[in-house]
Amino acid sequence: MKFTLSRVAAGAAVSVIAALTLAGCADTSTSGGSGSGDAASSDDLSITLLPKNLGNPYFDASEVGASAAAEALGAEFEQVGPTEATPDGQVSYINTAAQQGRSALVVSANDPNAICDALNEARDNGVTVVTFDSDTSADCRDLFINQADTAGIAKVQGDLIAEQIGEEGEVAILSASANATNQNTWNEALIEYVNETYPDIEIIDTVYGDDEDQKSFDQTAALLQSNPDLAGIVSPTTVGIAAAARYLSDSDAKGEVALTGLGTPNQMREFIEDGTVEAFALWNPEDLGTLATYAAAAVATGEIEGAEGDTFSAGDLGEFTVGADGVVLLGDPFVFDADNIDEFQF
Ligand code: RAM
């Protein structure tokens, strides 16, 4: 059974829809075109998912949603990716997808520009390119599937940390890689929101754990050591927040230094239970993978062009509309705490 976060939040189960009944949504149409080559028919649809890195439970969850959507669409599906979250690591996979003539590439970008040439070459070879989670510059992809809007992500993290530190004190950001489009956008918005909304909170530093567990753990230790008055840490990455929580849970700073940000319930459950973390936020990464795959199929088959106002079906998730700049929005971030975390398994 599949739930979306907002529906779970409302306490309402979504009825199960047999996957096969969903296949029709990308099964038609030769009209339009992706602007990136010939439309694939749904019979020969092949989709490659390229996350920032492999071995990250967040992207494992998006793969579950993506591969289920591909199956419902009758598409051939594979996930490939580097072990380290770097743009260089992604380029060879993009080139291979182009050489293989894949219908669509669904990618979370480690850099807004560094993978653009490779993506545009792939598009010239007829590959539909859809970014999800972390965008590129808009001229090197067909669509961006955005998990939640930037202002909403800034607000939820800003309000959580403010509440947890009594609206005053020093706060640091433990981010992912220094070039990650998504974290950089969110951090800028977070700093602006906190400066405007909470005058007694000072964001003193941003450090980078590169979405590596050990580096994020070490950066947490260093932050605490060099900032004895630190009141809180915001980590807008599932890798960072889990590593920081593990460090804090075993240190004297547990319960003294607040930690919030964006995490997966499965990784954060023990730290909510042991009191290291009060609350954090995220969306459903499985739904994000599902939506990105349906969107990629809709463009690759020519069902939509990807222009503003185009609509397509994403199976159980419903109908979506392409917004300005080729952005499709999944929904709102959701807050997890001790009262609800056990309802979630991802
Ligand atoms: C990490 C990655 C991903 C981001 C989440 C919140 O898993 O950096 O891009 O969206 O955190």
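To start, this report covers the structure provided alongside it. (Residues numbered from 1 in each chain as written. Predicted model: local features only at pLDDT ≥ 70, side-chain atom pairs only at ≥ 80, totals over all residues. Heavy atoms only, no water.)

What follows is about the overall build of the protein chain. Of the regular secondary structure elements, the protein chain holds eleven helices and 14 strands. A total of 346 residues make up the protein chain; the buried ones form 57% of that total. Counting contacts in the protein chain only where the partners sit at least 6 residues apart, residues at least 24 apart contribute 72% of the total. As presented, the protein chain carries roughly 13700 Å² of accessible surface, and 44% of it is formed by carbon and sulfur atoms. (Helix = DSSP H or I, 4+ residues; strand = E, 2+ residues; numbered from the N terminus. Buried < 20%, exposed > 50% of the residue type's maximum accessible area, 1.4 Å probe, protein only. Contact = heavy atoms within 4.5 Å. Areas by Shrake-Rupley, 256 points an atom, 1.4 Å probe, with all protein chains shown as cover.)

Right, let's talk about the packing of helix 6 (residues 150–164) against helix 7 (residues 181–197) for a bit. Helix packing for two helices is described by the angle between their axes and how far apart those axes are. Close contact between helix 6 and helix 7 brings their axes to 8 Å; oriented N to C, the two are set at 55 degrees. With respect to their mutual orientation, helix 6 and helix 7 come out oblique. Between helix 6 and helix 7 lies a crossing whose hand is right-handed. Here T150, I153, A154, K155, Q157, G158 and D159 of helix 6 come into contact with helix 7, specifically with T185, W186, A189, L190, Y193 and V194. (Axes fitted to C-alpha atoms, helices over the stretch in contact; angles between N-to-C directions. Parallel < 35°, antiparallel > 145°, perpendicular 65-115°, else oblique. Left-handed = near helix turned anticlockwise from the far one by under 90°.)

Here Q164 lies in helix 6. By relative accessible area, Q164 is classed as buried at 16%. Ignoring sequence-local partners within four residues, the contact set of Q164 consists of A258, L259, T260, E278 and A279.

What follows deals with the packing of helix 8 (residues 213–226) against helix 9 (residues 238–249). Interaxial distance between helix 8 and helix 9 falls to 8 Å at its minimum, and their mutual angle equals 55 degrees. Judged on the interaxial angle alone, helix 9 and helix 8 are oblique. As helix 8 packs across helix 9, the resulting crossing turns out to be right-handed. Across from D213, S216, F217, T220, A221 and L224 in helix 8, the residues of helix 9 making contact are V239, G240, A243, A244, R246, Y247 and L248. A breakdown of the residues in the contact of helix 8 with helix 9 according to their chemical character gives eight nonpolar, three polar and two charged. (Nonpolar A, V, L, I, M, F, W, Y, C, P; charged D, E, K, R; others polar.)

The next point concerns empty space enclosed by the protein. If you walk through the whole model with that rule in mind, you get two cavities of 30 Å³ or more. Considered as a void within the structure, the largest cavity measures approximately 100 Å³ in volume. Lining the largest cavity are 16 residues, and of these Y58, D133, Q183, T237 and T238 lie nearest its centre. No other element matches helix 7, which puts three residues into the lining of the largest cavity. The class makeup of the residues in the lining of the largest cavity is eight nonpolar, five polar and three charged. Built from parts of two domains, the lining of the largest cavity gets at least three residues from each of domain 1 (5–147 + 284–332) and domain 2 (150–282). (1 Å grid on protein atoms, 1.4 Å probe; cavity = no way out; pocket = protein on both sides within 12 Å on 5 of 7 lines; lining within 4 Å. Points joined across faces, edges and corners; volume = space filled by probe spheres on them. Domains from an automatic or database assignment.)

Moving on, we get to the side chain of T220. Locating T220 in the fold gives a position in helix 8. The contacts of T220, once residues within four sequence positions are left out, are L174, I233, A244 and Y247.

Another aspect to go through is the packing of aromatic side chains. Applying the stated criterion across every chain yields a total of 13 aromatic pairs. Here the aromatic rings of Y193 and Y198 are separated by 6.2 Å at their centres, their planes lie at 80 degrees, and the arrangement is edge-to-face. On the basis of relative accessible area, Y193 is assigned to the buried category, the value being 18%. Among the residues examined, Y198 registers a relative accessible area of 10% and is labelled buried. Following the ring pairs from residue to residue traces out a cluster consisting of Y58, F59, F132, W186 and W283. (Phe/Tyr/Trp six-rings, centres within 6.5 Å; stacked < 30°, edge-to-face > 60°.)

Across residues other than glycine, the phi torsion is negative in most instances, and most of the peptide bonds are trans. Positive phi, normally seen in glycine, also occurs at E167, with a value near 60 degrees. With respect to the helices, strands and loops of the structure, E167 is situated in the loop between helix 6 and strand 6 (169–175). Notably, D210 is not glycine yet its phi reads approximately 60 degrees, a positive angle. Along the chain, D210 falls in the loop between strand 7 (201–208) and helix 8.

The alternating pattern of strand 3 (residues 104–107) places A104 and V106 and L105 and V107 on opposite faces, both of which are buried. Pairing geometry for strand 1 (residues 46–50) and strand 3, over four bridges, is parallel. In the sheet register, T48 faces strand 3, and the bridge partner there is L105. For strand 3 and strand 4 (residues 128–132), the ladder comprises four bridges, and the chain directions are parallel. Bridge pairing in strand 4 places V106 opposite V130. (Pairing = 2+ DSSP bridges.)

Quick look at the sheet that holds strand 9 (residues 258–261) now. Pairing is parallel in the open sheet, where four strands are placed in the order 7-6-8-9. Edge positions in the sheet fall to strand 7 and strand 9, since each has one partner strand and no second. Put simply, the sheet's adjacent strands are angled 25 degrees from each other on average, direction ignored. The sheet contacts of helix 7 involve strand 6, strand 7 and strand 8 (230–235), and relative to strand 7 the element is tilted by about 165 degrees. Each of strand 6, strand 8 and strand 9 is contacted by helix 9, which is oriented at about 165 degrees to strand 9, the strand it contacts most.

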